[in-house]
Amino acid sequence: MTHFDYNAENTIKLLIREDIVKANRVAWGFIGRTGSWWKGFERIAIAEEVRHAVNCDFCQRRQLALSPYSMVGEHRSQGILPDMIVDAIHRIVTDSGRITEKWIDTLDQAGFSRGHYVELLSIVVMVFNVDTFHFALGLPLEPLPKADTRPPTGYVPSGLMNGQSWVPMLSKKSAGVAERDLYADVPKATNVLRALSCIPDAVRCQRYMENRYYLEPKYVLRASSNGGRALSRAQIEWIASRVSLQNACFYCSSSHSMLLQINGEITGEKISVNQLADGLSTATKNSFVQEATLQTAKQEHAPALPDADLLTEYVDAVLLRKDGLPDMREKMNRTLGPKALVDAAALIASFQRMNRIANATGVRLDSEVNLMSQEVQSNLNLTQLSSAHTTHTPSSLGASLLGRFRPLLFKMLNRAGD
């Protein structure tokens, strides 16, 4: 365990897991190295621009617009990167739920290939992950690494395939020898794990972080296991789902609200996923296709899990950068303890990364998850999110059958892991 004496307010003694500290070092090593398409100084400039985007006045106004593509203005920027690239970074950071394939095509037409775009995205999300973790705990941001001086490699992995997203991806079967390690520990690589695979080192970095900020793959489908974290599995999935909803991410909202619901089925606790939609931000509401969508999601609530309101308030204080965040940290620390506070901050940071990967690449929700998450998609009106349009609606018969046997399936998976 690594000890940071106190947070910014000198009120909470924080205990940061050593594996998170190592993950942050891995992320900084990835950012500092020259990649396939961007020079070292450009990669650091991209990282710096992420920090400008967080406080960009124009981005804040654009988030509130019904159409982000109707807004004209200038970003708060350092002036090193082309305006189009600055805009791309700011969109990914502040409004990823409304990114479209047509907009990505404009980058391609301007000479920035899909490879450029995915490498850019990977840098943005790694920086935003680490920065969010520090911000959530009241810690100063880490100085960015020094730029690598070597030229870009231009490396393109063999076996890239189109069809499941807006960017080419490797599957477990199509990956060449040099990329066989990317998914070696999973029976099937989900689309979001594959999303950055035209930049293989980005997948290696993101998977290293995911295993430490969220859960290792062996625990994910064991929906009653918390992987040794200081939070229960239901609390873990509640945080993941709330972050994903606030970020208007159809892929992760569907996946993790489903896992939350399954946790309740396995443990016998009735958990209301509908409460996840309470009090979403104006920017999130603008990511729904229909203005009335959120009103139809307000169904009568069954009892939620313990401390659901507290977790929701903490998530929102971090994501919306509320003035009351220091008080929320104190409340989390008093109620759940310092280890749980750190784990909650890590989860928020992790899904700041994962949501943007899913939103900005347009990955389709995997067919099995799509089938099993139909109930939560309906309860939360997730199909009305702008980010949902790349995923096809499954047959009602298939969803009904799989939904009926879902509790049994996951109970078997949990027993197999014991």
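Residues numbered from 1 in each chain as written. Predicted model: local features only at pLDDT ≥ 70, side-chain atom pairs only at ≥ 80, totals over all residues. Heavy atoms only, no water.

Draft legend 1. Representation of the overall build of the protein chain in the model. Regarding its fold elements, the protein chain presents 19 helices and two strands. In the protein chain, which comprises 418 residues, the proportion classed as buried is 58%. Considering only contacts in the protein chain between residues 6 or more positions apart, those separated by 24 or more positions represent 73%. Put simply, the protein chain shows about 17300 Å² of open surface, and 53% of that area lies on carbon and sulfur atoms. (Helix = DSSP H or I, 4+ residues; strand = E, 2+ residues; numbered from the N terminus. Buried < 20%, exposed > 50% of the residue type's maximum accessible area, 1.4 Å probe, protein only. Contact = heavy atoms within 4.5 Å. Areas by Shrake-Rupley, 256 points an atom, 1.4 Å probe, with all protein chains shown as cover.)

Draft legend 2. Highlighting the environment of L66. Positionally, L66 belongs in the loop between α3 (57-63) and α4 (83-95). With 221 residues separating them in the primary sequence, L66 and S287 have C-alpha atoms 8.1 Å apart. Apart from residues no more than four positions distant in its own chain, L66 is found in contact with R98 and N286.

Draft legend 3. Representation of helix α1 (residues 18-32). In a regular helix each residue adds 1.5 Å, so 15 residues correspond to 21 Å; α1 covers 21 Å between its end C-alpha atoms and thus fits that length. Residues of α1 that are buried: I20, V21, A23, N24, A27, W28, F30, I31 and G32. (Expected span 1.5 Å × (residues − 1).)

Draft legend 4. View of the packing of aromatic side chains. Across all of its chains, the model carries four aromatic pairs by this definition. Ring geometry for W103 and Y117: centres 6.2 Å apart, planes at 75 degrees, overall edge-to-face. Taken together, the positions of W103 in helix α5 (residues 101-109) and Y117 in helix α6 (residues 114-137) put the pair 14 residues apart, joining distant regions of the chain. Exposure class is identical for W103 and Y117. Each is buried. (Phe/Tyr/Trp six-rings, centres within 6.5 Å; stacked < 30°, edge-to-face > 60°.)

Draft legend 5. Quick look at the packing of helix α10 (residues 233-246) against helix α14 (residues 308-319). Between α10 and α14, the shortest axis-to-axis distance is 10 Å and the interhelical angle comes to 40 degrees. Compared by their axis directions, α10 and α14 come out oblique. Once α10 is placed against α14, the crossing between them reads as right-handed. Note on element contacts: α14 touches α10 through A308, L311, T312, V315, D316 and L319, opposite Q235, W238, I239, R242, V243 and Q246. When its residues are assigned to classes, the contact of α10 with α14 shows seven nonpolar, three polar and two charged. (Axes fitted to C-alpha atoms, helices over the stretch in contact; angles between N-to-C directions. Parallel < 35°, antiparallel > 145°, perpendicular 65-115°, else oblique. Left-handed = near helix turned anticlockwise from the far one by under 90°. Nonpolar A, V, L, I, M, F, W, Y, C, P; charged D, E, K, R; others polar.)

Draft legend 6. Structural context of the state of the cysteines. Per the stated rule, a full pass over the model turns up zero disulfides. Looking at the unpaired C252, the closest cysteine sulfur is the one in C249, lying at 3.7 Å. (Disulfide = S-S within 2.5 Å.)

Draft legend 7. The arrangement of the side chain of H116 in detail. Within the secondary structure layout, H116 lies in helix α6. Judged by relative accessible area, H116 falls into the buried class, the value being 16%. If we skip the residues at most four places from it in the chain, H116 touches W37, W38 and G111.

Draft legend 8. Main features of α14. In this model, α14 (twelve residues) spans 16 Å end to end at C-alpha, consistent with the 16 Å of a helix rising 1.5 Å per residue. Burial analysis of α14 places ten of its twelve residues in the buried class, the great majority of the element. Of the surrounding elements, those touching the buried residues of α14 are α6, α10, α15 (325-336) and α16 (338-361). One or two residues past the end of α14 sits R321, with phi positive at roughly 55 degrees.

Draft legend 9. Structural view of the packing of α1 against α6. Running from N to C, α1 and α6 cross one another at 145 degrees; their axes reach a closest spacing of 10 Å. In this structure, α1 meets α6 at a crossing whose hand is left-handed. Contacts from I20, N24, A27, W28, F30 and I31 in α1 reach S122, I123, M126, V127, V130, D131, F133 and H134 in α6. Residues that form the contact of α1 with α6 fall into these classes: ten nonpolar, three polar and one charged.

Draft legend 10. Fine view of the environment of E313. Its place among the elements puts E313 in helix α14. The class for E313 is partly exposed, based on a relative accessible area of 36%. Between the alpha carbons of E313 and L325 there is a distance of 9.0 Å; along the sequence they are twelve residues apart.

Draft legend 11. Structural context of the confidence of the model for the protein chain. For the protein chain, the average pLDDT comes to 89, and 88% of its residues sit at 70 or higher. Low pLDDT, under 50, characterises residues 295-299; the predicted model gives this stretch ten contacts beyond four residues in sequence or across chains. (pLDDT = per-residue confidence, 0-100.)

Draft legend 12. Representation of the environment of L280 within the structure. Checked against the element boundaries, L280 lands in the loop between α11 (250-267) and α12 (282-285). Assessed through its relative accessible area of 5%, L280 is described here as buried.

Draft legend 13. Up close: the pattern of salt bridges. Enumeration according to the criterion identifies 18 salt bridges in this entry. The closest approach of N and O atoms between D131 and R51, which form a salt bridge, is 2.8 Å. Taken together, the residues span a long stretch of sequence, with D131 in helix α6 and R51 in helix α2 (residues 40-53) at a distance of 80 residues. Relative accessible area serves as the criterion here: at 8%, D131 is assigned to the buried category. By relative accessible area, which is 23% here, R51 ends up partly exposed. A salt bridge links D87 to R91; its shortest N-O distance comes to 2.8 Å. Here R91 and D87 lie together in helix α4, a separation of four residues that amounts to about one turn. Neither residue differs from the other here; D87 and R91 are each classed as buried. One network of salt bridges, with partners in common, ties together R17, D19 and D343. (Salt bridge = Lys/Arg side-chain N within 4 Å of Asp/Glu carboxyl O.)

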